[in-house]
Protein chains: 2
Amino acid sequence: MSGKMTTQKRRIRQSPKMPAELRREQLLKAANDLFVKKGYRATTLDEIAQKAGLTKGAIYFHFKNKESILGELVKTVSQAYEKGINTYLGKNHTPVELFQLLLEIDSKIPMPEARRNPGLLSEIMKLPRIRTQMRDAFNKSVDKLSDALDSRFGRTVKQRRSLVIMLIAYLNGLKFVSTYHSESVDFEKQTELFLKLFQATYGDNPGEK
Amino acid sequence: MSGKMTTQKRRIRQSPKMPAELRREQLLKAANDLFVKKGYRATTLDEIAQKAGLTKGAIYFHFKNKESILGELVKTVSQAYEKGINTYLGKNHTPVELFQLLLEIDSKIPMPEARRNPGLLSEIMKLPRIRTQMRDAFNKSVDKLSDALDSRFGRTVKQRRSLVIMLIAYLNGLKFVSTYHSESVDFEKQTELFLKLFQATYGDNPGEK
DNA sequence: TTATAGATACTGAACGGTAGGTATGTTATG
DNA sequence: CATAACATACCTACCGTTCAGTATCTATAA
């Protein structure tokens, strides 16, 4: 000991060392992919590590624990979503415009598979910290969207919130059925149908309500 | 060692024995309640047993394994749903009628909390056998509903299926948001809003499309 | 330029808890 | 008293977490 075990080659195959920053992102990507495929709880740290070419122990150098990996991912999405709203959202929008805007943002921010995965969303909503994190983000965006909805479509904030939530609800519902019954459901067609409905009611002039 | 921690009395407090049939239902109910509250995987057999006043080992007298408990529950719902459709479904319905009919059926068949729990649904959809079981039921009911939709609302079966799926999608979406954002979402109000939209477009006379 | 000390990134193994499943003994009831 | 309906103890596998130690990189000084 003390000295070297000269002749004995301890052939430890260590992965090429990377700057922590890079490795973190690599791990986050691996985790995201696996969460999408298998769900949060069903994904093991071994799998994440392996996918990044590491061993489990190394993860704890980069993250506090498993949940913190998820937390980072959620944070990334929330921030991108908020940024998208701030960028694209104008004033006095019609519901149809808002719906299209939501689709637009949805198509631009990262981790689409994860965000459109109701199973994953439901699962992580059971983790108290994550839940809080996501609910805050949800309320924040609903507020902003409601503000940006033209007042013709709702005198009170409550009414406008209600409408906004309806838009989001339908989007979520579509994601849900198209995830689990993709053979039977044509996402774009359903969207078109929905917009046509809205157009008929709210398009040119708002309803009297 | 060898056996007992001597002084410890073997206090065997056996639950009153029940006919297997009854106990099965009791276990099923317990399982259902717990699945709703905690999810499928997060619910342990110990908890189910305890809730029914038994111990884990006893479960294996009544069921083959954990998944078979879930299978029974799914089967029960599927059958009730199908029966509901057969009972209430007429001919040449409007979309609004169908939507109300779905609500009606939904309110009459058992295990409402479980069925309205997207997280639970997503979770169990990952179990291959359960998934098959549920998808078959879904397609079956979509077919029947599409048949019962008046042909004014879609010349081809495909078009009618599309509309039916849209109704179901919105229902699911509503369940989703009202589950996770119940403070912000008024289920009935959202339903009313949606129906009003449909009424405006499809209510009196169908769209030309 | 080179030796080296310290920081950084990672391994491997062990630990502890959990939970599904099983083997086998025990009790209640007809 | 036979058997259906339990209880108890145990096994096994899995998985998150910890940690001592190892390898690799980098900065500094000689």
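Residues numbered from 1 in each chain as written. Chains lettered and ligands numbered in written order. Predicted model: local features only at pLDDT ≥ 70, side-chain atom pairs only at ≥ 80, totals over all residues. Heavy atoms only, no water.

Is there a simple way to think about the side chain of R160 of chain A in this case?
Residues and elements named next belong to chain A. Considering the arrangement of structural elements, one finds R160 in helix α9 (residues 157–180). In this structure, R160 is buried with no salt-bridge partner, the nearest side chain bearing the opposite charge being D147 at 4.7 Å. Engagement of the side chain of R160 in a polar contact is seen with the backbone oxygen of G154, the distance being 2.9 Å. Those residues in contact with R160 that lie beyond four places of it in its chain are S146, L149, D150, S151, F153, G154 and R155. (Helix = DSSP H or I, 4+ residues; strand = E, 2+ residues; numbered from the N terminus. Buried < 20%, exposed > 50% of the residue type's maximum accessible area, 1.4 Å probe, protein only. Lys, Arg positive; Asp, Glu negative; His and termini not counted. Salt bridge = Lys/Arg side-chain N within 4 Å of Asp/Glu carboxyl O. Polar contact = N/O pair within 3.5 Å; in protein donor to acceptor, adjacent residues only side chain to side chain. Contact = heavy atoms within 4.5 Å.)

Where do I start with unusual backbone geometry in this structure?
Excluding glycine, residues mostly carry a negative phi; peptide bonds, for their part, are mostly trans. If you check the backbone angles, M111 of chain A has positive phi at about 55° while not being a glycine. With respect to the helices, strands and loops of the structure, M111 of chain A is situated in the loop between α5 (95–108) and α6 (112–115). Positive phi, normally seen in glycine, also occurs at N92 of chain B, with a value near 50°. Counting through the fold element by element, N92 of chain B comes out in the loop between α4 (66–88) and α5 (95–108).

Teacher, can you tell me more about the pattern of salt bridges here?
Pairing is possible between side chains that carry opposite charge, provided their charged atoms lie close to one another. Residues and elements named next belong to chain A. The full count for this structure, using the stated rule, is 23 salt bridges over all chains. Note that K51 and D33 form a salt bridge whose closest N and O atoms lie 4.0 Å from each other. One end of the pair, K51, is in helix α2 (residues 45–51); the other, D33, is in helix α1 (residues 20–38), with 18 residues separating them in the sequence. Residue classification places K51 among the partly exposed positions, given a relative accessible area of 41%. Its relative accessible area of 23% is what places D33 among the partly exposed residues.

Looking at this structure, how should I read the packing of helix α4 (residues 66–88) of chain A against helix α8 (residues 128–148) of chain A?
The angle between the axes and the distance between the axes are what describe a pair of packed helices. Residues and elements named next belong to chain A. Where α4 contacts α8, the two axes come as close as 10 Å, and the packing angle between them is 5°. Put simply, α4 runs roughly parallel to α8. Across the interface between the two elements, E67, L70, G71, V74, K75, S78, Y81, E82, I85 and N86 of α4 pack against R129, I130, Q133, M134, A137, K140, S141, K144 and L145 of α8. When its residues are assigned to classes, the contact of α4 with α8 shows eight nonpolar, five polar and six charged. (Axes fitted to C-alpha atoms, helices over the stretch in contact; angles between N-to-C directions. Parallel < 35°, antiparallel > 145°, perpendicular 65-115°, else oblique. Nonpolar A, V, L, I, M, F, W, Y, C, P; charged D, E, K, R; others polar.)

Where do I start with the interface of chain B and chain A in this structure?
The figure often quoted for interface size is the accessible area lost as the parts come together. Taken residue by residue, the interface counts 42 residues in chain B and 42 residues in chain A. For the pair chain B and chain A, the two sides together bury roughly 3800 Å², of which 64% comes from carbon and sulfur. For the pair chain B and chain A, the number of links is zero salt bridges. At the junction of chain B with chain A, the criterion picks out two residue pairs in polar contact (both at pLDDT 80 or more). The element that contributes the greatest number of residues to the side of chain B that touches chain A is helix α9 (residues 157–180) of chain B, accounting for twelve residues. Of the residues in the side of chain B that touches chain A, the class split is 20 nonpolar, eleven polar and eleven charged. (Buried area = accessible area lost by both parts, 1.4 Å probe.)

Explanation requested: empty space enclosed by the protein in the structure shown.
Any space left empty among the atoms is revealed by the rolling of a water-sized probe across them. Within the structure shown, the criterion is met by three cavities of 30 Å³ or more. Approximately 700 Å³ is the volume attributed to the largest cavity. V77, R115, L121, M134 and K175 of chain A are the residues nearest the centre of the largest cavity, which is lined by 30 residues in total. Those elements that place two or more of their residues in the lining of the largest cavity are α1, α4, α5, α6, α7 (118–124), α8 and α9 of chain A together with α9 of chain B. (1 Å grid on protein atoms, 1.4 Å probe; cavity = no way out; pocket = protein on both sides within 12 Å on 5 of 7 lines; lining within 4 Å. Points joined across faces, edges and corners; volume = space filled by probe spheres on them.)

When you look at the packing of aromatic side chains in this model, what are you seeing that I'm missing?
Both the distance between ring centres and the angle between the ring planes are used here to describe each pair of aromatic rings. Using the criterion set out here, one finds five aromatic pairs over all chains in the structure. Look at F99 of chain A and Y170 of chain A: their rings are 6.4 Å apart centre to centre, the planes differ by 35°, and that puts the pair in the tilted class. Here F99 of chain A, found in helix α5, pairs with Y170 of chain A, found in helix α9; they are 71 residues apart in sequence, far enough to count as distant. Here F99 of chain A and Y170 of chain A have matching classes, each one buried. The interplanar angle of 35° and the centroid separation of 6.5 Å between the aromatic rings of Y170 of chain A and Y170 of chain B together place this pair among those described as tilted. (Phe/Tyr/Trp six-rings, centres within 6.5 Å; stacked < 30°, edge-to-face > 60°.)

Any chance you could explain the confidence of the model for chain A here in plain terms?
Low-pLDDT stretches of the model should not have their predicted coordinates read in fine detail. All names here are of chain A. Looking at chain A, pLDDT values average 85 and 86% of them are 70 or higher. Model confidence for chain A, summarised as mean pLDDT per element, is weakest for helix α10 (residues 187–203) at 74 and strongest for α2 at 97. Considering only residues more than four positions removed or in separate chains, one finds that residues 1–12, a stretch of pLDDT under 50, has zero contacts. Throughout residues 204–209 the model reports pLDDT below 50, and contacts reaching past four residues in sequence, or to other chains, amount to ten contacts. Here the predicted complex scores 0.79 on pTM and 0.75 on ipTM. (pLDDT = per-residue confidence, 0-100.)

Can you walk me through the relation of the copies chain B and chain A in this structure?
A rotation about an axis combined with a shift along that same axis relates the two copies of the chain. With an RMSD of 0.1 Å, the operation that places chain B on chain A is a rotation of 180° combined with a shift of 0.1 Å along the axis. Overall, the copies show the geometry of a two-fold rotation axis. Across chain B, the rotation axis passes nearest the C-alpha of G173 of chain B, at a separation of 1.7 Å. The overlap is high: 100% of the interface residues of chain B also sit at the interface in chain A, so the same surface is used on both sides. (Least-squares fit on C-alpha atoms with pLDDT ≥ 70 in both.)

What's the story with the domain arrangement of chain A in this structure? I'm lost.
Residue and element names in this part refer to chain A. Each assigned domain of chain A is listed here: domain 1 (16–63) and domain 2 (67–203). Between the C-alpha centres of domain 1 and domain 2 there is a distance of 28 Å. Contacts between the two partners involve 13 residues from domain 1 and, on the opposite side, 14 residues from domain 2. Both sides of the domain 1 and domain 2 interface together cover about 1100 Å² of buried area, and 71% of this is carbon and sulfur. In this assembly, domain 1 and domain 2 are joined by one salt bridge. In this assembly, domain 1 and domain 2 are joined by five residue pairs in polar contact (both at pLDDT 80 or more). The element contributing the most residues to the side of domain 1 that touches domain 2 is α1, with six residues. Partitioning the side of domain 1 that touches domain 2 into residue classes produces nine nonpolar, two polar and two charged. (Domains from an automatic or database assignment.)

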